[in-house]
Every structure is written in structure tokens, then in C-alpha cells.
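# Residue-level structure breakdown
Take a look at the letters that make up each chain.
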Amino acid sequence: KETPLPKAQGVPNAPTLSGTPAIDSIDLTFPATIPTEASKVYGYILKRGNSTIYEGPDAAYKDEGLTPGTEYTYRVAAISNSGTSEYTEGVFTTLE
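This text gives an overview of the structure that appears in the document. (Residues numbered from 1 in each chain as written. Predicted model: local features only at pLDDT ≥ 70, side-chain atom pairs only at ≥ 80, totals over all residues. Heavy atoms only, no water.)

## A short note on the overall build of the protein chain
For the record, the criterion: Each helix is a run of DSSP H or I of at least 4 residues and each strand a run of E of at least 2, with the numbering of both proceeding from the N terminus. Residue burial is assigned from relative accessible area. The probe radius is 1.4 Å, only protein chains are included, and a residue is buried under 20% of its type maximum, exposed over 50%, and partly exposed in between. Here, residues are in contact when the closest pair of their heavy atoms is within 4.5 Å. Accessibility throughout is a Shrake-Rupley quantity obtained with a 1.4 Å probe, and a residue counts as covered only by protein chains that appear here.
On a plain count of helices and strands, the protein chain comes out with zero helices and eight strands. Going from the N terminus to the C terminus, the protein chain shows its helices and strands as β-β-β-β-β-β-β-β. By the burial criterion, 35% of the 96 residues in the protein chain qualify as buried. Taking the contacts inside the protein chain whose residues are at least 6 apart along the sequence as the reference set, 60% of them involve residues at least 24 apart. A total accessible area of about 5,900 Å² is found for the protein chain, and carbon and sulfur atoms account for 49% of it.

As C-alpha cells, this is what we get:
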């Protein structure tokens, strides 16, 4: 049985990813919780598939110009001076 690697001290917890689909867009939110020993989260990395679509300080992003009725996979991580969290993955489908 493999033992999981310990989480780095002070790294933020993986963000919670949620989304509200529309016909050609998805409103995404991804707040992160911070362990007491971690430094403040100052940014996020959001990917659709393997492409980074957002890097910045806001815990929300509207992905626009999407194809109606299509499934999209997102991954998001939080960044602090202590390091980068693990990625959280979510799958959302635009409305038809």
C-alpha cells in the first residue's frame, strides 16, 4: 500500500469549483480555504482542458464564446507565497 505524500506546509487548500452554465458561457467561482499556517491566497490559475484561460487575483471568471450544448472540463489551483494548491477539477455543460 502506497502512503500519500504529505501536503507541503502552509500551501492553500484546493479551491472549491462551481459553475453556472448559460447558452454560450459558464460563470465559474473557485474560492479557496486557507489553513492557519498558510499565507494569504493572492491568485488563481484556471484551465479549460490543458489551456490556461485565467491567471489573476479574482476567485471568479466568466468563460464566454462557448459552443451551446458542449461539455467543458476545468481545473483550478490557488496560489500563495507558501506555494500552489492541488488542482480541483469540474465538468460543466453549456445550455442548448
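## A few points about the pairing of strand 6 (residues 71-80)
Put simply, the rule reads: Strand pairing is assigned whenever DSSP identifies at least 2 bridges connecting the two strands.
Extensive coverage of strand 6 is indicated by the burial of seven of its ten residues. As paired strands, strand 3 (residues 41-48) and strand 6 are joined by seven bridges and run antiparallel to one another. Bridging across to strand 6, Tyr44 finds its partner in Ala78. As paired elements, strand 6 and strand 8 (residues 88-93) share six bridges and run antiparallel to each other.

## Here we look at the environment of Glu64
With respect to the helices, strands and loops of the structure, Glu64 is situated in strand 5 (residues 60-64). When its relative accessible area of 55% is taken as the criterion, Glu64 is described as exposed. As a C-alpha pair, Glu64 and Ile26 span 38 residues in sequence and 6.8 Å in three-dimensional space. Beyond its immediate sequence surroundings of up to four residues, Glu64 is in contact with Asp24 and Ser25.

## Focus on the pattern of salt bridges
Should the charged atoms of two oppositely charged side chains come close, the side chains can pair. The condition that has to hold: For this analysis, a salt bridge means a side-chain nitrogen from Lys or Arg found within 4 Å of a carboxyl oxygen belonging to Asp or Glu.
Per the stated rule, a full pass over the model turns up one salt bridge. Two residues, Arg48 and Asp63, come together in a salt bridge whose shortest N-O distance is 2.8 Å. Pair noted here: Arg48 is in strand 3 and Asp63 is in strand 5, with a separation of 15 residues, a long-range link. Its relative accessible area of 2% is what places Asp63 among the buried residues.

## As for the sheet that holds strand 2 (residues 25-29)
Under the convention used in this document: Structural elements are reduced to axes, namely lines fitted to C-alpha atoms, with helices fitted over the stretch in contact, and the angle between N-to-C directions of any two is expressed from 0 to 180 degrees.
Strands sit in the order 1-2-5 across an open sheet of three strands; the sheet is antiparallel. Each edge of the sheet is formed by a strand with only one pairing partner; in this case those strands are strand 1 (18-21) and strand 5. For this sheet, the mean angle separating the axes of adjacent strands, direction not counted, is 20°. Pairing between strand 1 and strand 2: four bridges, direction antiparallel. Pairing of Pro21 across the sheet is with Ile26, part of strand 2.

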